[in-house]
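# Coordinate inspection notes
These are the residues of each chain, in order.
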There are 10 protein chains.
Amino acid sequence: MTGRNEEELNGVTHLGNQQVEYKMDYAPEVLESFDNKHPENDYFVKFNCPEFTSLCPITGQPDFATIYISYVPGEKMVESKSLKLYLFSFRNHGDFHEDCMNIIMKDLIKLMDPKYIEVWGKFTPRGGISIDPYCNYGKPGTRFEEVAWNRLANHDMYPETIDNR
Amino acid sequence: MTGRNEEELNGVTHLGNQQVEYKMDYAPEVLESFDNKHPENDYFVKFNCPEFTSLCPITGQPDFATIYISYVPGEKMVESKSLKLYLFSFRNHGDFHEDCMNIIMKDLIKLMDPKYIEVWGKFTPRGGISIDPYCNYGKPGTRFEEVAWNRLANHDMYPETIDNR
Amino acid sequence: MTGRNEEELNGVTHLGNQQVEYKMDYAPEVLESFDNKHPENDYFVKFNCPEFTSLCPITGQPDFATIYISYVPGEKMVESKSLKLYLFSFRNHGDFHEDCMNIIMKDLIKLMDPKYIEVWGKFTPRGGISIDPYCNYGKPGTRFEEVAWNRLANHDMYPETIDNR
Amino acid sequence: MTGRNEEELNGVTHLGNQQVEYKMDYAPEVLESFDNKHPENDYFVKFNCPEFTSLCPITGQPDFATIYISYVPGEKMVESKSLKLYLFSFRNHGDFHEDCMNIIMKDLIKLMDPKYIEVWGKFTPRGGISIDPYCNYGKPGTRFEEVAWNRLANHDMYPETIDNR
Amino acid sequence: MTGRNEEELNGVTHLGNQQVEYKMDYAPEVLESFDNKHPENDYFVKFNCPEFTSLCPITGQPDFATIYISYVPGEKMVESKSLKLYLFSFRNHGDFHEDCMNIIMKDLIKLMDPKYIEVWGKFTPRGGISIDPYCNYGKPGTRFEEVAWNRLANHDMYPETIDNR
Amino acid sequence: MTGRNEEELNGVTHLGNQQVEYKMDYAPEVLESFDNKHPENDYFVKFNCPEFTSLCPITGQPDFATIYISYVPGEKMVESKSLKLYLFSFRNHGDFHEDCMNIIMKDLIKLMDPKYIEVWGKFTPRGGISIDPYCNYGKPGTRFEEVAWNRLANHDMYPETIDNR
Amino acid sequence: MTGRNEEELNGVTHLGNQQVEYKMDYAPEVLESFDNKHPENDYFVKFNCPEFTSLCPITGQPDFATIYISYVPGEKMVESKSLKLYLFSFRNHGDFHEDCMNIIMKDLIKLMDPKYIEVWGKFTPRGGISIDPYCNYGKPGTRFEEVAWNRLANHDMYPETIDNR
Amino acid sequence: MTGRNEEELNGVTHLGNQQVEYKMDYAPEVLESFDNKHPENDYFVKFNCPEFTSLCPITGQPDFATIYISYVPGEKMVESKSLKLYLFSFRNHGDFHEDCMNIIMKDLIKLMDPKYIEVWGKFTPRGGISIDPYCNYGKPGTRFEEVAWNRLANHDMYPETIDNR
Amino acid sequence: MTGRNEEELNGVTHLGNQQVEYKMDYAPEVLESFDNKHPENDYFVKFNCPEFTSLCPITGQPDFATIYISYVPGEKMVESKSLKLYLFSFRNHGDFHEDCMNIIMKDLIKLMDPKYIEVWGKFTPRGGISIDPYCNYGKPGTRFEEVAWNRLANHDMYPETIDNR
Amino acid sequence: MTGRNEEELNGVTHLGNQQVEYKMDYAPEVLESFDNKHPENDYFVKFNCPEFTSLCPITGQPDFATIYISYVPGEKMVESKSLKLYLFSFRNHGDFHEDCMNIIMKDLIKLMDPKYIEVWGKFTPRGGISIDPYCNYGKPGTRFEEVAWNRLANHDMYPETIDNR
Ligand SMILES: [Ca+2]
Ligand SMILES: [Ca+2]
Ligand SMILES: [Ca+2]
Ligand SMILES: [Ca+2]
Ligand SMILES: [Ca+2]
Ligand SMILES: [Ca+2]
Ligand SMILES: [Ca+2]
Ligand SMILES: [Ca+2]
Ligand SMILES: [Ca+2]
Ligand SMILES: [Ca+2]
Ligand SMILES: [Ca+2]
Ligand SMILES: [Ca+2]
Ligand SMILES: [Ca+2]
Ligand SMILES: [Ca+2]
Ligand SMILES: [Ca+2]
Ligand SMILES: [Ca+2]
């Protein structure tokens, strides 16, 4: 088969490896990256993650969310199986919804140094109210800084219809 | 569990407290806030509140709405259980739809001093017509003032399909 | 205008009356009926009631449901505005979901003596789980008794998709 | 063109006639029928009529419904443009929802003498509650009598989701 | 109950009045307004009106539409029950779709002198084609004039899917 | 490739033939069949045909429908490209909706001698009303005769929601 | 009835005329216009046309599309029944999808000289792929020229989900 | 408040108790029941549980499902907060999808001795395929035994559309 | 972890094995089964398989379908990863839609000897028409034989809406 | 038939040719173009391609996506049947999702030299996460360069709801 050669997959250890370990608490170290082969052209990659779950830091009860992560890669890209293992590490970890989204964004910035990234969590309701935090980032000193501001300024002007059913 | 420590939850009294009291009339005093741990990065938090109900000030008949509240926190954030109790306090209170939305926005501004906030109510119909008020606010003297104007100027150019069923 | 004459509206006092009073607790006495003009032909009437709310008997927190009431009238029919006032009377009343549905069905049987009736409540979730009670009744000694059994035996074999959003 | 010849369109006067008159009150006399060319095989014809409107007999305010009419023709079939004119004649006529559905069914039975017919009205809400009457009929002395009973007995076991929006 | 006092409801005569008369032809005089209590903050109010019907000026056949009216109030706001009576007055009135929308907008401008207003009608098809007129207005000499131009220039770039069913 | 050999495709001339001719009027002779390889087991085949169009026999204006054809094959099966050409032949042909459905069913019975067949047309509205004819057939002397009766007797008890948009 | 007088309907010959002829090939001459009564205010009119069909110029097989036409009228407006007859004239005409959309737009520009117009066709798939051409136009020398450019530059950034079913 | 008295809530310890413990492995002992107050009338209660998660017994990776539980109570009913805690106990437990559903049903039968019960799990896909197990039970020696057989025999004849997005 | 022990996973070789080989032509031999642990209770298992693709036996062009497989296990159950590999083996194999569904059903009967099984394929359109074959089977000499007949007799009376988009 | 003449179809060899060959690996050479007849007016053409499949370069397992390709033609346009053959050539080819989208875009740029082009792939999930890459391009030295930047900067601010079912 054509496609990426071995060298181009340098640093990817989880994908196609059956023996990966699922961490029982917050584990940013499982994140892995690989090289962006199209750095001359800015483009978006989005991850749809409807199977996120964590714990409430106060009551210990489970929280559930769908997380949407979109980024414009710089030189590095996050490998999707390592992202899955990373998100799994929140499973028995407790934190506020707003804090989780900021932490995930910061860990991915640290891993990939992307040109742009945004993270949007959409949680299920507790007590009849649901919370959807959204944070984003544009690399300082690039024109993605302005992109980040504009996307924030125009964020979610058409909230989806929610009826808790 | 990791996450916020006790100090970081200063001022949060309703969450995880089974003995909270449900107020029978408009009670802005139940609102509580906590510290924003990510003040260096502007981000959005949205509350979906499909279980809002109040009374018609003229006829006393019940009104129902889904309320969407979105804000960019400054130093303080509203605690969601206190928000629930606050919205509950409209249950036996009478006011016009348009007035309710403005009041809710003003109370949250007073509580949190946010950089930006918007409140959108979508009511069920009376006499075949439904009313959806939307108000917003950007902190004076910041660039969120312009954000507020732009979001108002571009508000809801794609009204959702309504057929009263 | 043609249609029903005054005599045929005997006993209807709430409809077209602006001075009706909204009761603050469970008030089955507000229910009113009128004559069925087509008793020779069995037919169904369904009420869609998406604006039902009551209180949790343990915690006092509000519950919300959509209630579907379907019946085959005998000699009497329930007047819809009185039904609205009756359902309103649960607004500040506390009872379990399952109990509310049974009580509503029994009050309507007492009012109308219908050939058949069913009441289905679909509540919003608490703690990530929602409850949908369904009860029905066929007049004893008629073939609607068997109808009730068959409808129960075949009830809801295609549960609607629920994701709490 | 092939298809029906002139004789087979006997009695059809409204279709393709620009000068038809719109009646301002209940006018069953505008209904027209034509011959069923496939009487040896029982089959269904359904009319979807989402543009029905009448007046409330008490308050004079307008009511709106979608009406679904399904029938198995005998020797005669209702011509669809005459059906449109007939339904229009309710526009400034006042009657209860339940009465309208029974009247429409009876007028069509008188016109066509069908083997089977059913009429289902789905109205928009007044005061937060909507009403959906359903009536049906099987020709006495045929096995469609039992069909009518069975369809009534199993009517609408999956009520559509209604949220008044 | 708290909320608006009597003085603040000055000029509102239809709401809570059972004796209102339904006009049989175009009646702009039934429109009523009341004071905007939040004039210092620009905000939107939207009316969803899915029960609009008029007559074709050429053939007399009924037309049906859902009308969406959105405005930013100045000193006055339109009272919703009077709006309902006003829209009802088109019921037996004949005019082209495009003309109706412009007339409704002009009458509301005359009544309220709003900062901004837009009216969008979505009609059901005749001959397989449906027509959706949209008109808007920004108060001359204010920055809402530019808002009106921008909203027109960007109007409906994502037409809803229509299949006539 | 494995699958059917040439002999098993006996009589199939249109499929994979670029030179097929599109007939300009009703042409039942284009229908082709092939052998059922699984005659020992009764099974269903459904064709979804959303691109059907014919002409009104009175006014010449075009009619549009989605047709659903379901059958249980006997020894023969209809080849799908020939079915497409057959349905195309109605394109400039005029007939009533109800007549078209009966004709299509009869032509397919004549071609294939199926155990069971049903044809359901769902047309777009004219004058605000749409028509959906449904006819079916079970081979006389087999238990599919009773199947046909039962499917007719229980036909379409949940009419789809139609709003002409 | 009020509304447009005869003079204001000058040039409209198809509407309300039962004897109109359906052309069997491309017939731009059937298009008719009437006067815009609100030329002082720019506004949009959209036609939803889900019943468009033409032929493939290579194979002769039928193509189907929904066409959305939106325009800002100048002094003239296109009459909708003449538009229907015009679109019908493509029924037995062969052309590429992209060419059809450009031709329709050019014919309407020639007829009405609008300030702005856009035409969007959404075709059904052939060989698993469907094609959706979109073209637009702003009157040269007016600020609608820039509107046309901006609408093109921002066209369809949220393609609808397509799964060919 | 009216409703259930203390005695009628006998045995309910989790509801309204903030100190409940979340078990880290399969814990059927947390299930609690209370008395059915309407035992003379058979009725259904359904729990919608979209927040179920367990682990794959082979690979340890997380599985997610929505579980629908419907039952006809006998003398006892399951308390919903204890059900939530019970389902939570699968969070870090590994078992096959089909086994989980059977285990949940058996535990609830043991707790409540219901007249009828069914449990339907709808899992998210792994490797492009998702699995939906369904099991049910009718109390032996009652006519619910036949109900269980009939519901199984007619289970899910209209599988929902699944496209893995 | 609890759940199935090693012995209970006897014969399962693909699951959790990274070295599985993807076969390039029809390969029924990859199917694997494991023991049913709940044989005393009849229950359903459904596989949703939206990623099925094969080739047209005449033209070699690709076909796509969603396949729904439902069965009541006897002593054996099909392992889902082996099912995935089996369905993959059709990827470069050519056969008619109707033949594929029958072959899949027969291979699964041979593997598992189930009490009941059904296979429903829903293909994407070619030439504007799509084909949905459905076949089923009940074990001879058991009451599932009658179940199979009844499910076939009542198959798909509500065809999903198809518009090829 | 009117429409394009032979010369205007110069270079189109696959369309209407039954003997086309399906390539078994990546084959950019099958792409064909034809002349744009409306080069004076910029317009968009979109291809909806829901039947894309490739192989994972690491594991060999199949991947599935819907691809949306939108472009503004220069002098050349891609012929749709050749596009289908080209996309087919990925069927047994292995590459990362992000790489596939970039390759497709580059091949189409090379073929057509378009003014603008964008390619958006939406894949089905693996391990609970799905990936949607989006890349675009504006011709250097034209104002479409800025269009490309703006469309990227505002890309997908409303991610579609994904729940993996
Ligand atoms: Ca809803
Ligand atoms: Ca929902
Ligand atoms: Ca609706
Ligand atoms: Ca939902
Ligand atoms: Ca949802
Ligand atoms: Ca609704
Ligand atoms: Ca559709
Ligand atoms: Ca539609
Ligand atoms: Ca609709
Ligand atoms: Ca519709
Ligand atoms: Ca679709
Ligand atoms: Ca889909
Ligand atoms: Ca889906
Ligand atoms: Ca989905
Ligand atoms: Ca579709
Ligand atoms: Ca879904």
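Residues numbered from 1 in each chain as written. Chains lettered and ligands numbered in written order. Predicted model: local features only at pLDDT ≥ 70, side-chain atom pairs only at ≥ 80, totals over all residues. Heavy atoms only, no water.

In the nomenclature of an unreviewed UniProt entry, chain A corresponds to NADPH-dependent 7-cyano-7-deazaguanine reductase from the organism Alkalibacterium olivapovliticus.

Scanning chain A for helices and strands turns up 3 helices and 6 strands. Mapped from its N terminus to its C terminus, chain A presents α and β elements in the order β-β-β-β-α-α-β-β-α. Principal axes of the C-alpha set define a box for chain A whose edges measure 50 × 40 × 30 Å. For chain A, with 165 residues in total, the buried portion stands at 69%. Contacts spanning at least 24 positions in sequence make up 66% of the contacts within chain A whose residues lie at least 6 apart. If you sum the accessible surface of chain A, you get close to 5,500 Å²; carbon and sulfur atoms cover 48% of it. Positive and negative side-chain charges in chain A, numbering 17 and 26 respectively, have mean positions lying 3 Å apart. (Helix = DSSP H or I, 4+ residues; strand = E, 2+ residues; numbered from the N terminus. Buried < 20%, exposed > 50% of the residue type's maximum accessible area, 1.4 Å probe, protein only. Contact = heavy atoms within 4.5 Å. Areas by Shrake-Rupley, 256 points an atom, 1.4 Å probe, with all protein chains shown as cover. Lys, Arg positive; Asp, Glu negative; His and termini not counted. Charge placed at Lys NZ, Arg CZ, Asp CG, Glu CD.)

The next point concerns the coordination of the calcium ion (ligand 11). Donor atoms from the polypeptide that bind the calcium ion (ligand 11) are D163 of chain G (OD) and R165 of chain I (O), placed at 2.3 to 2.4 Å. Looking at R165 of chain I, the relative accessible area reads 14%, which means it is buried. (Donors = N, O, S within 2.8 Å, 3.2 Å for Na, K, Ca; no water.)

A few words on the coordination of the calcium ion (ligand 14). Any two of four tetrahedral donors ideally make an angle of 109.5 degrees at the metal, while pairs among six octahedral donors ideally make 90 or 180 degrees. The calcium ion (ligand 14) binds to the protein through R165 of chain H (O), D163 of chain J (OD) and R165 of chain J (O), with metal-donor distances spanning 2.3 to 3.1 Å. For the pair the calcium ion (ligand 14) and the calcium ion (ligand 13), the metal-to-metal distance amounts to 3.3 Å, and R165 of chain J bridges them. Taken as a pair, R165 of chain H in the segment after α3 (144–153) and R165 of chain J in the segment after α3 (144–153) lie in two separate chains rather than in one. The same class applies to R165 of chain H as to R165 of chain J, namely buried.

With the rule as written, the count across this model stands at 101 aromatic pairs over all chains. Seen in terms of ring centroids, F44 of chain D and Y116 of chain D are 6.0 Å apart; in terms of plane orientation they differ by 70 degrees. Their pairing is edge-to-face. Here F44 of chain D, found in strand β2 (residues 43–55), pairs with Y116 of chain D, found in strand β5 (residues 116–123); they are 72 residues apart in sequence, far enough to count as distant. Between the aromatic rings of W120 of chain I and Y134 of chain I, the centroid separation amounts to 5.5 Å while the plane-to-plane angle is 75 degrees, which identifies the pairing as edge-to-face. With a gap of 14 residues between them, W120 of chain I in strand β5 (residues 116–123) and Y134 of chain I in strand β6 (residues 130–138) connect regions that are remote in the sequence. (Phe/Tyr/Trp six-rings, centres within 6.5 Å; stacked < 30°, edge-to-face > 60°.)

Another aspect to go through is the relation of the copies chain F and chain D. The transform that puts chain F on chain D rotates by 72 degrees and translates by 0.0 Å along the axis, for an RMSD of 0.0 Å. Each copy turns onto its partner about a five-fold axis. Minimal C-alpha separation from the rotation axis in chain F is found for Y158 of chain F, amounting to 7.1 Å. A different interface surface on each copy is seen, since only 15% of the contact residues of chain F are contact residues in chain D too. (Least-squares fit on C-alpha atoms with pLDDT ≥ 70 in both.)

Glancing now at the interface of chain F and chain D. Opposite the 40 residues of chain F that make contact, chain D presents 41 residues. Interface area, chain F with chain D, both sides summed: about 3,500 Å², of which 59% is carbon and sulfur. Along the contact surface separating chain F from chain D lie 3 salt bridges. Here D156 of chain F makes a salt bridge to K46 of chain D, at a shortest N to O gap of 3.0 Å. For the interface between chain F and chain D, the tally reads 15 residue pairs in polar contact (both at pLDDT 80 or more). Put simply, the parts of the chain that give the side of chain F that touches chain D at least two residues each are α2 (97–112), β6 (130–138) and α3 (144–153) of chain F. Looking at which element gives the most residues to the side of chain F that touches chain D, the answer is β6 of chain F, with 7 residues. Residues belonging to the side of chain F that touches chain D are distributed by class as follows: 18 nonpolar, 13 polar and 9 charged. (Buried area = accessible area lost by both parts, 1.4 Å probe. Salt bridge = Lys/Arg side-chain N within 4 Å of Asp/Glu carboxyl O. Polar contact = N/O pair within 3.5 Å; in protein donor to acceptor, adjacent residues only side chain to side chain. Nonpolar A, V, L, I, M, F, W, Y, C, P; charged D, E, K, R; others polar.)

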